[in-house]
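Notes for the structure review
Listed here are the chains, written in short residue letters.
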Amino acid sequence: MAAPSVCYGAALSYRLFLGVRVNLARRRGSWKTAAAELQSGPGSQILRLIHTTVVTTTKNVPAMRHETYTEDFIKKQIEEFNIGKRHLANMMGEDPETFTQEDIDKAIIYLFPSGLFEKRARPIMKHPEQIFPKQRAIQWGEDGRPFHFLFYTGKQSYYSLMHEVYGKILHLENLKGPLPEKNVIRDLIGSRWLIKEELEEMLVEKLSHEDHKKFIRLLEKLLTLHCGPAEEEFVQRFRKSVMAQSKKQLIEPVQYDEQGSAFCRSEGKRKSAKAEAIVYKHGSGRIKVNGVDYLHYFPVTQYREQLMFPFHFLDRLGMHDATCTVSGGGKSSQAGAIRLALARALCSFVTEDEAEWMRQAGLLTADPRIRERKKPGQEGARRKFTWKKR
């Protein structure tokens, strides 16, 4: 059975190995810069490969189906990859122990510059686990009988997992007596469910979108029950942690005035309004806008509620003093700009979890909406002139 063509360093000729090693050892490290230039350059020349592997294909053979690779075959390919990796590192004058996959890619680009647009046609050197697909274990014995009782369903791993989840749900619903105290607090913030492709890779089976939805609904039902640490650990296997976006948010540093009071300064925008807010760590809830109390500056209750929403969301009403300066725009856009500035300044006095909650509530995201421009030939942005027949 013919394997896919993979350009390994071991396939390079010994003569090329000696010649390139002598030249590159003298100017170690310069090949990486040259590889980057070849990769980003507009016109890259095609270099004739010294060694090529030709794979012949035959039509109308059973091998046209998904190929199966044994464990011995994969182990042999990994050994050849490691040998080729060491040879390539020595050719480039690098340490084989610290030669990463990124260095391998740069070395291949440097040695074999290609002008082919199709990436799959270019010479590559990847780990065999990335080249050969993951295979399922043998599912039947020598007598031809399958090991698993759900083999003939066609999706034995999926239905076995559904059976396990449903069994846990029945066990919790029929559980009588006092529930054991939970040592682990359920926290699903910062993680998401596995998507269909990731679940297929885990189970090594093809699933439909309906199968994926049924499985997620069953897990959500399990979470609604009084599950213990074992069930929560089971559910976490099917959730993937996501980096909190609030960590990417630039948090202003805390400053101190002459009296030693901690405060934070931040800015916010909404349409054409620009606001700057100074929030003090300790206070009695006094908020001034352009030197005037916010109750007098914003007579409309809606604008007041919008300005005070960050404090109300964090349950910090009456705990901070704030001084705001705003210019441009109308009262609505000014209230939105001040709210954004206050929310960003409050991030310096709260925990990371509270900052993430603020981000999910939309307090740290600027509102990009602006007034739509008037169109030519129309009365306004969307309004048309009144049509008259005569």
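Positions within a chain are numbered from 1, following the residues in the order the chain's sequence is written. Residue-level local features of this predicted model are given only where pLDDT is at least 70; pairs of side-chain atoms are given and counted only at 80 or more, and the full residue set underlies all totals for whole chains, interfaces and linings. Hydrogens and water are ignored here; the side-chain numbers use all heavy atoms of the structure.

If you tally the helices and strands in the chain, you get 13 helices and eight strands. For every residue, the accessible area (1.4 Å probe, protein chains only) is compared with the maximum for its type, and the residue is labelled buried under 20%, exposed over 50%, or partly exposed between those bounds. Counting every position in the chain, which comprises 390 residues, the buried fraction comes to 32%. Once local pairs closer than 6 in sequence are excluded, the contacts in the chain between residues at least 24 apart make up 68%. Under the convention used here, a 1.4 Å probe and the Shrake-Rupley method define accessible areas, while residue burial counts only the protein chains that appear. Of the roughly 26,800 Å² of accessible surface on the chain, a fraction of 53% belongs to carbon and sulfur atoms. Only DSSP runs of H or I reaching four residues or more are called helices, and only runs of E reaching two or more are called strands; each is numbered from the N terminus. Contact definition: two residues touch when any of their heavy atoms are within 4.5 Å.

Now for the pairing of strand β8 (residues 321–327). At least two DSSP bridges between two strands are required for those strands to pair. Taken together, the seven bridges between strand β5 (residues 273–280) and β8 define a ladder with antiparallel strand orientation. Across the sheet, Glu-276 pairs through a bridge with Thr-325, a residue of β8. Across three bridges, the pairing between strand β6 (residues 287–289) and β8 is parallel. In the sheet register, Lys-288 faces β8, and the bridge partner there is Thr-323.

Another point: the packing of aromatic side chains. Put simply, two rings from Phe, Tyr or Trp (the six-membered ring, in Trp's case) pair if the centres are within 6.5 Å, and we call them stacked under 30 degrees between planes, edge-to-face over 60, tilted for the rest. One pass over the full model with this rule turns up eight aromatic pairs. Arranged with centres 5.0 Å apart and planes meeting at 80°, the rings of Phe-215 and Phe-238 form a pair that is edge-to-face. One end of the pair, Phe-215, is in helix α8 (residues 209–224); the other, Phe-238, is in the loop between α9 (229–236) and β2 (239–241), and 23 residues separate them in sequence. Taking 6.0 Å as the distance between ring centres and 45° as the angle between the ring planes, the aromatic pair formed by Phe-309 and Phe-313 counts as tilted. Taken as a pair, Phe-309 and Phe-313 lie in helix α11 (residues 301–313) at a separation of four residues, close to a single helical turn.

Within helix α7 (residues 196–203), the full set of buried residues consists of Lys-196, Glu-198, Leu-199, Glu-200 and Leu-203. Elements in contact with the buried residues of α7: α6 (156–173), β1 (191–193), α8 and β2. Immediately downstream of α7, the backbone of Val-204 shows phi near 55°, a positive value.

Quick look at the nonpolar core now. Judged by nonpolar contacts, the single largest core of 33 residues is most densely connected at Val-289, Phe-298, Leu-307, Ile-338 and Leu-342. Of all the secondary-structure elements, those providing two or more residues to this core are β5, β6, α10 (294–297), α11, β8, α12 (331–346) and α13 (352–360). The greatest single-element share of this core, amounting to eight residues, is contributed by α12. Excluding residues within four positions of it along the chain, Ile-338 makes contact with Ala-275, Val-289, Phe-298, Leu-307, Cys-324 and Val-326. As used here, the term nonpolar core means buried Ala, Val, Leu, Ile, Met, Phe, Trp, Tyr and Cys residues forming a set that is joined through side-chain atoms within 4.5 Å. Within the second largest apolar cluster, 22 residues are counted, among which are Tyr-158, Met-162, Leu-222 and Phe-234.

A separate point is a nonpolar patch on the surface. A cluster of nonpolar side chains, namely Phe-309, Phe-313 and Trp-357, defines an oily patch on the protein surface of about 260 Å² accessible area. Note on placement: Trp-357 falls in helix α13. Grouping into patches uses exposed residues only, defined as over 30% relative accessible area, and leaves out salt-bridged ones; the cut-off is 9 Å for like charges and 5 Å for nonpolar side chains (Val, Leu, Ile, Met, Phe, Trp, Tyr). By definition, a salt bridge exists where a carboxyl oxygen of Asp or Glu is found within 4 Å of a side-chain nitrogen of Lys or Arg.

What follows covers the confidence of the model for the chain. Each residue carries a pLDDT value, the predictor's own confidence for that position, ranging from 0 to 100. For the chain, the average pLDDT comes to 79, and 75% of its residues sit at 70 or higher. The low-confidence segment residues 1–22, where pLDDT is below 50, has 40 contacts with residues more than four positions distant or belonging to other chains. Per-residue pLDDT stays below 50 along residues 177–185; that stretch engages in eight contacts with residues further than four places along the chain or on separate chains.

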